[in-house]
Amino acid sequence: DAVVQRFRPNLLVRSVDARAAPCEDDWVGRRLAIGEAIVRIDSRTVRCGMPARAQAWCGLEAQPAITRALVELCGRRLGVNVLVEREGQVRTGDALRLLAD
């Protein structure tokens with residue numbers, strides 16, 4: 001999917017409810033279990049203008065409106081940064097669980 005290629009996440013979490021609002025902002029400071037790994041959500045990811053540029057490696061043209069949308073809709077923050085607390089294998093389709101602190 002073009003959006004995934006444009007932003008190049010290390011891990012993509014898809015909600016089972018496609019209409020659900022993004023929830024990762026509420027996860028900062030929380031711990032998540034996914035597969036065998038446990039991660040702590042450290043901070044929100046501040047985005048630069050790179051996703052708006054042409055992405056020749058996957059055939060995407062420049063879309064300057066992306067940068068403007070990131071600023072207007074989410075203060076240039078999209079996604080989260082994590083710290084790995086416990087290494088482990090993560091597989092496509094693994095469920096994600098918020099852990100109690």
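Notes on the structure in this doc start here. Worth saying up front: this structure is predicted, and the values here are computed from it rather than measured.

**Considerations on the overall build of the chain**
Link 1 in the chain: Assigned secondary structure in the chain consists of two helices and four strands.
Link 2 in the chain: Its C-alpha atoms put the chain at 40 × 25 × 25 Å along the principal axes.
Link 3 in the chain: Taken across its 101 residues, the chain has 22% of its residues classed as buried.
Link 4 in the chain: Of the contacts formed within the chain by residues at least 6 apart in sequence, a portion of 73% connects residues at least 24 apart.
Link 5 in the chain: On the chain, roughly 7400 Å² of surface is accessible, and the fraction owed to carbon and sulfur atoms is 52%.
Link 6 in the chain: Here the chain carries 16 positive and 13 negative side-chain charges, and the mean point of each set is 3 Å from the other.

**Let's talk about the pattern of salt bridges**
Link 1 in the chain: Throughout the structure, instances matching the rule amount to three salt bridges.
Link 2 in the chain: In this structure, the salt-bridge partner of Asp25 is Arg44, at a minimum N-O distance of 2.9 Å. Taken together, the residues Asp25 in the loop between helix H1 (2-7) and strand S1 (31-34) and Arg44 in strand S2 (residues 37-46) connect sequence positions 19 residues apart.
Link 3 in the chain: A salt bridge links Glu85 to Arg40; the shortest N-O distance between them is 3.0 Å. Of this pair, Glu85 sits in strand S3 (residues 77-86) while Arg40 is found in strand S2, placing the two residues 45 residues apart along the sequence.
Link 4 in the chain: By relative accessible area, which is 41% here, Glu85 ends up partly exposed.
Link 5 in the chain: Because the salt bridges share partners, they merge into one network encompassing Arg31, Arg40 and Glu85.

**Considerations on a nonpolar patch on the surface**
Link 1 in the chain: The grouping of Leu11, Val13 and Val90 at the surface amounts to a nonpolar patch, some 230 Å² of accessible area in total.
Link 2 in the chain: Counting through the fold element by element, Val90 comes out in the loop between S3 and strand S4 (96-99).
Link 3 in the chain: A relative accessible area of 37% means that Val90 is categorised as partly exposed.

**A few points about the sheet that holds S4**
Link 1 in the chain: The four strands are arranged S3-S2-S1-S4 in an open sheet whose pairing can be described as antiparallel. A strand with exactly one partner marks an edge of an open sheet, and here the two such strands are S3 and S4. Across this sheet, the average inter-strand angle for adjacent strands is 40 degrees, counted without regard to direction.

Definitions and limits used
Residues numbered from 1 in each chain as written. Predicted model: local features only at pLDDT ≥ 70, side-chain atom pairs only at ≥ 80, totals over all residues. Heavy atoms only, no water. Helix = DSSP H or I, 4+ residues; strand = E, 2+ residues; numbered from the N terminus. Buried < 20%, exposed > 50% of the residue type's maximum accessible area, 1.4 Å probe, protein only. Contact = heavy atoms within 4.5 Å. Areas by Shrake-Rupley, 256 points an atom, 1.4 Å probe, with all protein chains shown as cover. Lys, Arg positive; Asp, Glu negative; His and termini not counted. Charge placed at Lys NZ, Arg CZ, Asp CG, Glu CD. Salt bridge = Lys/Arg side-chain N within 4 Å of Asp/Glu carboxyl O. Patch = residues over 30% accessible without salt bridge, like charges linked within 9 Å, V, L, I, M, F, W, Y side chains within 5 Å. Pairing = 2+ DSSP bridges. Axes fitted to C-alpha atoms, helices over the stretch in contact; angles between N-to-C directions.

Limitation: the analysis is restricted to geometry and does not speak to function.
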